[in-house]
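The primary structure of each chain is shown beneath.
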Amino acid sequence: MRILLASSNTHKAQEFEVILPGVNFLLWSGPDIPEDGAFFQDNALQKAIFARDWHAQHGNENIDGVMADDSGLCVDALFGGPGVLSARFAPRLAYSEKNPLLLSMINSGETRTARFVCVLAYIGITGTMREPFTISGSVEGVIATEARGSSGFGYDPIFIPNGYSKTFGELEAEIKNDLSHRAKAARKLALRLGLIP
Ligand code: IMP
């Protein structure tokens, strides 16, 4: 099965490929996709519909569906931020500076609870699921007191999933791929597409 992923993030594609057996992802190579919705769900749908319509006009490859995800880190002490703005928080900074900046915004003594959230939107091009739909997944945890580890991407070095003492940046990829917000949403999608029993 061939799915056009409305993202050029290779980390995400690798994570999805592990979870969705037999799916070959085509990475997005079209124009920048607008994402100005107020919620993860709005953005995921917006990206999937944009990618479907763009591919219908300009795409050369045969595909079976289009998938988009919108995800982010929601920190309770920051009233759910950066949340839907995660990709756009302190945009000029690299994550090596962005993560310490985010840590400095949480006062000592404040709750450090947080979650990664992922909403996936899927639209079938072949088959029966031609109407866009969304599916979500989340992973609960706490924000570390300092950035640790270099695996994964983005906010991984400052997020410790519940039940662990290491950050996603320190944990092995297999563990993150099992626990993550993206993994949970992708497993639900795999079930819905009949890729796993
Ligand atoms: P999106 O590509 O618009 O969905 O933006 C998601 C942003 O949320 C990314 O650029 C990261 O900053 C953050 N994010 C989402 N998922 C993860 C993850 O698994 N690890 C670390 N950061 C993530």
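Quick notes on the rules
- Residues numbered from 1 in each chain as written.
- Predicted model: local features only at pLDDT ≥ 70, side-chain atom pairs only at ≥ 80, totals over all residues.
- Heavy atoms only, no water.
- Near = heavy atom within 4 Å.
- Polar contact = N/O pair within 3.5 Å; in protein donor to acceptor, adjacent residues only side chain to side chain.
- Areas by Shrake-Rupley, 256 points an atom, 1.4 Å probe, with all protein chains shown as cover.
- Helix = DSSP H or I, 4+ residues; strand = E, 2+ residues; numbered from the N terminus.
- Nonpolar A, V, L, I, M, F, W, Y, C, P; charged D, E, K, R; others polar.
- Buried < 20%, exposed > 50% of the residue type's maximum accessible area, 1.4 Å probe, protein only.
- Contact = heavy atoms within 4.5 Å.
- Expected span 1.5 Å × (residues − 1).

### Here we look at the site of the ligand
Phase 1 of the analysis: The local shell around the ligand holds 18 residues, among which Lys12, Tyr95, Asp156, Lys176 and Arg182 are the closest.
Phase 2 of the analysis: Between the ligand and His181, the relevant distance is 3.1 Å, taken from a nitrogen atom to a side-chain nitrogen or oxygen of the residue.
Phase 3 of the analysis: Coverage of the ligand by the protein chains reaches 92% of its 480 Å² of free accessible surface.
Phase 4 of the analysis: Looking at the shell around the ligand, the elements with two or more residues in it are β3 (65-75) and α5 (181-192).
Phase 5 of the analysis: It is β3 that provides the largest number of residues to the shell around the ligand, a total of four residues.
Phase 6 of the analysis: Residues belonging to the shell around the ligand are distributed by class as follows: five nonpolar, five polar and eight charged.

### Re the side chain of His55
Phase 1 of the analysis: Note that His55 resides in helix α2 (residues 40-58).
Phase 2 of the analysis: The buried category is assigned to His55, whose relative accessible area is 11%.
Phase 3 of the analysis: Ignoring any residue separated from it by four or fewer positions in sequence, one finds His55 in contact with Leu4, Asn60, Glu61 and Ile63.

### Points about the environment of Ala147
Phase 1 of the analysis: In this structure, Ala147 sits in the loop between β6 (133-143) and β7 (159-161).
Phase 2 of the analysis: Taking the C-alpha atoms as reference points, Ala147 and Ile63, separated by 84 residues in sequence, lie 39 Å from one another.
Phase 3 of the analysis: Every residue in contact with Ala147, bar those within four places of it in the chain, is listed here: Asn99, Leu103, Pro157 and Ile158.

### Side note on α5
Phase 1 of the analysis: Spanning 12 residues, α5 covers 17 Å between terminal C-alpha atoms, matching the ideal 16 Å at 1.5 Å per step.
Phase 2 of the analysis: Those residues of α5 not exposed but buried are His181, Arg182, Ala183, Ala185, Ala186, Leu189 and Ala190.
Phase 3 of the analysis: Those residues of α5 that are buried are in contact with α1 (10-19), β3, β5 (113-124), β6 and α4 (173-179).
Phase 4 of the analysis: For α5, the N-terminal capping position is held by Ser180, with its side-chain oxygen 3.3 Å away from the main-chain nitrogen of Arg182.

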